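Each chain is listed here by its residues.
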Amino acid sequence: MSGVNRVILIGNLGKDPEVRHLENGRSRASFTLATNEVYKNKEGEKVTNTDWHNIVLWTPLAEIAEKYLTKGKQVYIEGKLTNRSYTDKEGQPKYITEIVGQNLVLLGSKENSMTDMRERDTFSVQEEESADDLPF
């Protein structure tokens, strides 16, 4: 049996998506997503804990993000957790954890976020699996 790598988040965009159009015709959108946990502490005071997540969307979801998502919008993201590393300008290794979105649902009022989308507000991408990708 293979493992499961599935992340489900509902939150608000921390910034407008940053979209790059690559030479091969694909697009990549990236943005931060804030999720909040609210609870009462020992003193009975309401406490809000905010976590920030790095989100990456590829074509065709990147194009949808570019067209419909803006800072503050609420979205449902379903995808997989990935880790990568790179070397910064000073030569120091850096590590980043991202959620690569495979499903996107635009939440909130239709008047505010989807005036020209009509009834469609759920989008998904299915990854193609080849026999070379299978773990057995």
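Predicted model, so just to flag it, every value in this text is computed and none were measured. (Residues numbered from 1 in each chain as written. Predicted model: local features only at pLDDT ≥ 70, side-chain atom pairs only at ≥ 80, totals over all residues. Heavy atoms only, no water.)

Participant: I'm lost on the overall build of the chain in this one. Help?
Facilitator: Within the chain, the secondary structure is distributed over 2 helices and 7 strands. In the chain, which comprises 136 residues, the proportion classed as buried is 33%. A fraction of 54% describes how many contacts in the chain between residues 6 or more apart in sequence connect residues 24 or more apart. (Helix = DSSP H or I, 4+ residues; strand = E, 2+ residues; numbered from the N terminus. Buried < 20%, exposed > 50% of the residue type's maximum accessible area, 1.4 Å probe, protein only. Contact = heavy atoms within 4.5 Å.)

Participant: Even after reading the chapter, I still don't get the pattern of salt bridges, so can you show me in this structure?
Facilitator: Should their charged atoms come close, side chains of opposite charge can pair. Considering all chains together, one arrives at 5 salt bridges under this definition. The salt bridge partner of Arg28 is Glu98, with a shortest N-O separation of 3.5 Å. Here Arg28, found in strand β3 (residues 27–40), pairs with Glu98, found in strand β6 (residues 93–106); they are 70 residues apart in sequence, far enough to count as distant. Assigned by exposure class, Arg28 and Glu98 land together as buried. The closest approach of N and O atoms between Glu98 and Arg84, which form a salt bridge, is 3.0 Å. Taken as a pair, Glu98 in strand β6 and Arg84 in strand β5 (residues 74–87) lie far apart in primary sequence, 14 residues in all. A relative accessible area of 7% means that Glu98 is categorised as buried. Taken together, the shared-partner salt bridges in this structure form one network comprising Arg28, Arg84 and Glu98. (Salt bridge = Lys/Arg side-chain N within 4 Å of Asp/Glu carboxyl O.)

Participant: Just to check I follow, could you spell out the layout of surface pockets for this structure?
Facilitator: It is the rolling of a water-molecule-sized probe over the atoms that shows where space remains empty. Its boundaries defined by the atoms lining it, the second largest pocket holds a volume of some 180 Å³. Residue lining of the second largest pocket: 13 residues in total, with Lys15, Arg28, Ser30, Ile96 and Glu98 positioned closest to the centre. Of all the secondary-structure elements, those providing two or more residues to the lining of the second largest pocket are β2 (18–21), β3, β4 (46–58) and β6. With 4 residues, β3 is the largest single contributor of residues to the lining of the second largest pocket. (1 Å grid on protein atoms, 1.4 Å probe; cavity = no way out; pocket = protein on both sides within 12 Å on 5 of 7 lines; lining within 4 Å. Points joined across faces, edges and corners; volume = space filled by probe spheres on them.)

Participant: Would you explain unusual backbone geometry in this entry?
Facilitator: With the exception of glycine, most residues fall at negative phi, and the peptide bonds are largely trans. The omega torsion across Thr59 and Pro60 is 5°, close enough to zero to call that bond cis. Following the sequence through the fold, Pro60 ends up in the loop between β4 and α1 (61–68).

Participant: Looking at this model, I keep getting lost on the environment of Ala34. Mind explaining?
Facilitator: The residue Ala34 is located in strand β3 in this model. Take Ala34: its relative accessible area is 10%, and that puts it in the buried class. With residues near it in sequence (within four places) discarded, Ala34 still touches Gly11, Asn12, Thr50, Asp51 and Trp52.

Nothing here speaks to function; it is all geometry.
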